[in-house]
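Close look at the chain arrangement
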Amino acid sequence: MKPPPEEVARPGPGQESVWDYPRPPRVESVPSRVVVRFAGRVIADTTDAVRVLETSHPPVYYLPRAAFAPGVLQPAEGHTVCEYKGEASYLTVVAPTGERADSAAWSYPSPRPGYLDLVGRVAVYPDRMDECTVDGERVRPQAGRFYGGWITSRVVGPFKGEPGTLGW
């Protein structure tokens, strides 16, 4: 089920519609600079990100683990399973000041075939960080506590996670 055609935004120049993204999802490299700030500090900064594109979802950005400041990522309890990517392991983000965001990041240590580009990469929930940016643009988080999509001016929806989207 998807929203009625009149509710799906038409992309403008330089934009993408999440309704044109594939299912199963696709992983692609992005030439963008991605920066994550937490507890008043830059904890990750890279131009080597990939994003996962899935129908109805804004992209989820995965950064190389090496892009994160040393000691910022610590193992957390809990796992979830994606029918496509496999089992996700969660990480707690810890600032040098001691500030914590429990289970605010995740990775796929042993993803299923088709998603091997995620090995050694970490995604963060943008609503749990001070700020996430893509090429200097501040990201808006995808609605819904479970989802980790990054909304920028480059993508149009509506997006899964907003009220009334449970059946999508």
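So, here's what we can say about the structure. (Residues numbered from 1 in each chain as written. Predicted model: local features only at pLDDT ≥ 70, side-chain atom pairs only at ≥ 80, totals over all residues. Heavy atoms only, no water.)

1. Regarding the environment of valine 124
Tracing the backbone shows valine 124 in strand 10 (residues 121–124). Sequence separation between valine 124 and valine 18 is 106 residues; the distance between their C-alpha atoms is 20 Å. Sequence-distant contacts of valine 124, defined by excluding residues within four places in its chain, comprise Val36, Tyr61, Phe68, Ala104, Ala105, Trp106, Met129, Cys132, Gly148 and Trp150. (Helix = DSSP H or I, 4+ residues; strand = E, 2+ residues; numbered from the N terminus. Contact = heavy atoms within 4.5 Å.)

2. Section: the side chain of threonine 92
Summarising the element assignment, threonine 92 is placed in strand 8 (residues 86–94). Polar contacts involving the side chain of threonine 92 include one to the main-chain amide nitrogen of serine 103, which spans 3.2 Å. Beyond its immediate stretch of four places on either side in the chain, threonine 92 contacts Val72, Leu73, Gln74, Ala76, Arg100, Ala101, Asp102 and Ser103. (Polar contact = N/O pair within 3.5 Å; in protein donor to acceptor, adjacent residues only side chain to side chain.)

3. Considerations on the sheet that holds strand 11 (residues 131–134)
The strand order across the open sheet built from 4 strands is 4-3-11-12, with neighbouring strands paired in antiparallel fashion. Each edge of the open sheet is held by one strand with a lone partner, namely strand 4 (41–46) and strand 12 (137–138). Sheet analysis places strand 3 (residues 34–38) next to strand 4, joined by 5 bridges and oriented antiparallel. If you follow arginine 37 over to strand 4, its bridge partner there is valine 42. (Pairing = 2+ DSSP bridges.)

4. Digging into the sheet that holds strand 9 (residues 100–107)
Spatially, 2-5-6-10-9-8-7 is the arrangement adopted by the 7 strands of the open sheet, whose pairing is antiparallel. Of all the strands in the sheet, the pair left with one neighbour each is strand 2 (26–30) and strand 7 (73–82). The average undirected angle you get between the axes of adjacent strands in this sheet is 35 degrees. (Axes fitted to C-alpha atoms, helices over the stretch in contact; angles between N-to-C directions.)

5. Here we look at the packing of aromatic side chains
One pass over the structure, following the stated rule, counts 4 aromatic pairs. For the ring pair tyrosine 62 and tyrosine 108, a centre distance of 6.4 Å and an interplane angle of 45 degrees mean the geometry is tilted. With tyrosine 62 in strand 6 (residues 57–64) and tyrosine 108 in the loop between strand 9 and strand 10, this pair connects stretches of sequence that are 46 residues apart. Accessibility expressed as a relative area gives 2% for tyrosine 62, which makes it buried. With a relative accessible area of 6%, tyrosine 108 lands in the buried category. (Phe/Tyr/Trp six-rings, centres within 6.5 Å; stacked < 30°, edge-to-face > 60°. Buried < 20%, exposed > 50% of the residue type's maximum accessible area, 1.4 Å probe, protein only.)

6. So, the side chain of serine 89
Following the sequence through the fold, serine 89 ends up in strand 8. For serine 89, a relative accessible area of 17% corresponds to the buried category. Side chain to side chain, serine 89 and histidine 79 meet in a polar contact 3.3 Å long. Excluding residues that lie within four positions of it along the chain, serine 89 makes contacts with Gly78, His79, Ala105, Trp106, Ser107 and Pro109.

7. Here's the deal with the nonpolar core
Val36, Val93, Met129 and Trp150 are the most contacted members of the largest nonpolar core, which has 26 residues in total. Contributions of two or more residues to this core are made by strand 3, strand 4, strand 6, strand 8, strand 9, strand 10 and strand 11. The residues touching methionine 129, leaving out its near neighbours within four places in the chain, are Val36, Arg37, Phe38, Ile43, Val93, Ala101, Ala104 and Val124. Cys82, Tyr108, Leu118 and Ala123 belong to the second-largest nonpolar core, a separate cluster that totals 15 residues. (Core = buried A, V, L, I, M, F, W, Y, C linked by side-chain atoms within 4.5 Å.)

8. Describing the pairing of strand 9
Relative to strand 9, strand 8 runs antiparallel, the two sharing 5 bridges. If you follow tyrosine 90 over to strand 9, its bridge partner there is tryptophan 106. For strand 9 and strand 10, the ladder comprises 2 bridges, and the chain directions are antiparallel. Counterpart to alanine 105 in the pairing with strand 10 is valine 124.

From the geometry alone we can't say anything about function, so treat these as descriptive.
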